[in-house]
Amino acid sequence: MINARYDWHFPEVKNGAAVKNLMETFGIPELIAKILVNRGYEEVEQAQAFLRPDIDQLYDPYLLHDMDAAIERIQQAIDHGERIVVYGDYDVDGITATAIMTMALEILGADVDYFVPNRFTDGYGPNLSQYQRLAADGMNLLITVDNGVSGQEPIAWLMANGVDVIVTDHHELPVTLPEAVAVVHPRHPAGHYPFGGLSGAGVAFKVASALLEVPADELLDLAAIGAIADVMDIVDENRTIVALGLENLRQDARPGLAALLASAGTDPASLDSATIGFTIGPRLNALGRMGDASLGVHLLLTDDPLEAGKIAATVEQLNQERRELVDVITAAALEMATALDDDPVLVVAGTDWHEGVLGIVAARLVEQTGKPAIVLNTDAGVLKGSARSVPAFDIFKALDGHRDLMTAFGGHASAAGMTVPAENLQPLRDVLRDEANQQALATAGLPTLQIADTLSGADFNADNYAALKILAPFGAGNPEPLFAVPLTGVENVKTMSQDKHLRLTGMTKTRSVPIVAFGRGDLATDLTSHFDELTFVGTMSENTFNGQTSYQLLTKDVQAVGSSILDWRTNKLTNQLFSQPAHYVFFNQKMYQQATGFMKAPSQAVWWEDAFNMTSIGTLAMVDLPADLAQLHELLAFVPAQRWAPIFYTKHSAYLQKTPTKAEFGLVYKFAVAHHDVNVRTQLQDLAIYLKIDLQVLVLILQVFNEAKFVKIENGLMNSLPSPAKVALETMPSYQKFLAKRELEKDLIYSTTAQLDALLSKLAQP
């Protein structure tokens, strides 16, 4: 069995009339119309706005609170030649917001510079010492982008010392807002902006549009990158920004982004939201994580392709270093996590772990373990790092009441950052255990996965893929549709990237479909088994290789129901076989005793009766043949195991052995009558050759004759007995045992995997 990581929901479309109306109005397939209705776009007008984003759908920037005051003060600064500094942030949203605001001011001829704080020395957001330095260098006006709303005290210092401040931000609003010239925020408590979900780059784009007195369409690409990278909901105005921004990127990418895409081997013409999420975003983020994010702003602003290429090469190198660091630290953190198996919230700490990547590592731990995770670096008795959580556990709420354990803390429900004295590591784990109990984390259900429909292999084609693309751009709030694909079996199961990822061919009732499962290399062994039901859930993806285009499933989740059989049957036992981690069960005492001498951890040799004392077995490998199916039934029905690995080795196969003929019985009997004191202990092989009878057949005949009292074998010497009684030789115990073993081998060794699976599943029933 393979357990799903999510609770699968198949929403029922109740408004069939709306589906039909959308199909007829827009000429779209029923599948697409159903998805639209399920996502709340039932009316034609709603669907029109969603399916055909247009620049006219952008809201008037002056609807944002304090926009008029912000534009007036900026124009005044430009007119009087005042020194303006754009103060950004080191993540992708902050980098793009900084570039947008700087570029707009440069277009208007402003005396402008930008500053991006360093993650390690300055921290996030307003920094008084940097404010003071910038003021001393002649700054007259500070414009924050993607930060500032929580900077009441540093901003108050600037305002009191003759430097005006304009705050543009989108983060959570504090109780007390800074007293600045203007606070431009889509959710300002005194404002009435129609859409509160703008990113920091989105707010900067609105300010730029107001400054330029037209929608700043040449900056939409940067606003789109900020929205996607900051995981904002791609709905309403964000959908328009992202759709139009992606089109700009595809048609005419600015030099910095063109160079970045080229270094990553990505064609701008095929760019979509996933390209930003998995190619552009991580590379720009690597700058802030590994070094100076200002280089990212410079990359976005430069018009020189040669300079852009050099910066992009640096970015690519830093991103590769970031990847390697993440892999190394994740491996170490996962190893530590195994010792904390009983903890509901994982808190791991290491030395010389790069602080810039700890958030990514924490996310990896959540993905691998399903538990909230905090990853900390130890430096001079201080722990500093990041937390990531699951939907069922509010990590901010859990930590907020224990600030006495931390010297710095901030975050939200799903992510946080903190600094903790080293001596408080265990107390932190203890309070998180209590908080997990209070939030009932142990009994929380799996996170929900909305599945659009069930598809077969034949549905993975160019027409359906093209139809799905009209729902793009995808992202938070408008996720790429997920589909369930029931499989009848799998082929060509292979791992990639040092067993981290998986590639296979899924067989459906119509035709096969290629399947890729990132991060699920652990399933490779299980998927070679046979299941009653096997279903993959994922998105439809296009793959072009050597000029050939195919359509594949990118896996989000997988579930298998029923027995899991690993067919390890063999006619030769090898050390390689026993190197597979498993509990190796023996029915033959002599073989068991031999195995205990060479079996090495994590493998374990188990006498079959001792298996009943075990409460948890991953792989149950049955090495030799049981006495009969009744004995096997006892084992399978009452010993819990995740999967079965039948080996059923036998040194001498009864199934392959010839059944003695009447002529062979007669030939052996005549020889026994004619000879006395035949040493069958030392001369058996010679006798088989002399009589031209298979050795195992001869052994069986002699056993039958001995039981029928045709001969007497004593001290290894055989002699015939006079006047034996007439008996049916096939009724003798040895012959019956031979026939029973033949039948047992037929069922357990010489059956197909499907036949064996059906038999074992039946035997496993209590």
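Residues numbered from 1 in each chain as written. Predicted model: local features only at pLDDT ≥ 70, side-chain atom pairs only at ≥ 80, totals over all residues. Heavy atoms only, no water.

A.B. asks: I'm lost on the overall build of the chain in this one. Help?
C.D. replies: Along the chain, the regular secondary structure elements total 27 helices and 26 strands. In summary, the chain has a C-alpha radius of gyration of 36 Å against a globular reference of 27 Å for 766 residues, an excess of more than 25%. With the principal axes as the frame, the chain shows a C-alpha extent of 130 × 65 × 50 Å. In the chain, which comprises 766 residues, the proportion classed as buried is 50%. Within the chain, contacts between residues at least 6 apart in sequence are counted, and of these 65% link residues at least 24 apart. (Helix = DSSP H or I, 4+ residues; strand = E, 2+ residues; numbered from the N terminus. Rg over C-alpha atoms; globule rule 2.2 N^0.38 Å. Buried < 20%, exposed > 50% of the residue type's maximum accessible area, 1.4 Å probe, protein only. Contact = heavy atoms within 4.5 Å.)

A.B. asks: I would appreciate a short explanation of the sheet that holds strand β15 (residues 489-496) in the present structure.
C.D. replies: The strands that make up a sheet pair up through hydrogen bonds in the backbone, lying either parallel or antiparallel. Pairing in this open sheet of 7 strands is mixed, and the strands run β13-β14-β18-β19-β17-β16-β15 from one edge to the other. Of all strands in the sheet, those bounded by a partner on one side alone are β13 (453-454) and β15. Pairing between strand β16 (residues 501-507) and strand β17 (residues 512-517): 6 bridges, direction antiparallel. Residue pairing for β17: T505 is matched across the bridge by P514. In this fold helix α18 (residues 462-469) packs onto β14 (483-487), β18 (533-545) and β19 (548-561), with an angle of close to 85° to the strand it touches most, β18. (Pairing = 2+ DSSP bridges. Axes fitted to C-alpha atoms, helices over the stretch in contact; angles between N-to-C directions.)

A.B. asks: Explanation requested: the pairing of strand β11 (residues 415-421) in the structure shown.
C.D. replies: Regular strands have side chains that alternate between both faces of the sheet. Within β11, 6 of the 7 residues are buried, which leaves the element mostly enclosed by the surrounding structure. In this structure, strand β9 (residues 382-388) lies alongside β11, joined through 7 bridges in antiparallel fashion. Across the sheet, A387 pairs through a bridge with A416, a residue of β11. The hairpin turn running from strand β10 (residues 408-411) into β11, its antiparallel successor, is 3 residues long.

A.B. asks: Just checking my understanding: could you explain the packing of helix α11 (residues 255-263) against helix α12 (residues 273-290) for this structure?
C.D. replies: Angle between the axes and distance between the axes are the two parameters that describe a pair of packed helices. Contact geometry of α11 with α12 gives a least axis separation of 11 Å together with a crossing angle of 105°. In this view, α11 runs roughly perpendicular relative to α12, as classed from their interaxial angle. On α12, the residues touching L257, L260 and L261 of α11 are T275, T279, I280, R283 and L284. Its residues placed into classes, the contact of α11 with α12 shows 5 nonpolar, 2 polar and 1 charged. (Parallel < 35°, antiparallel > 145°, perpendicular 65-115°, else oblique. Nonpolar A, V, L, I, M, F, W, Y, C, P; charged D, E, K, R; others polar.)

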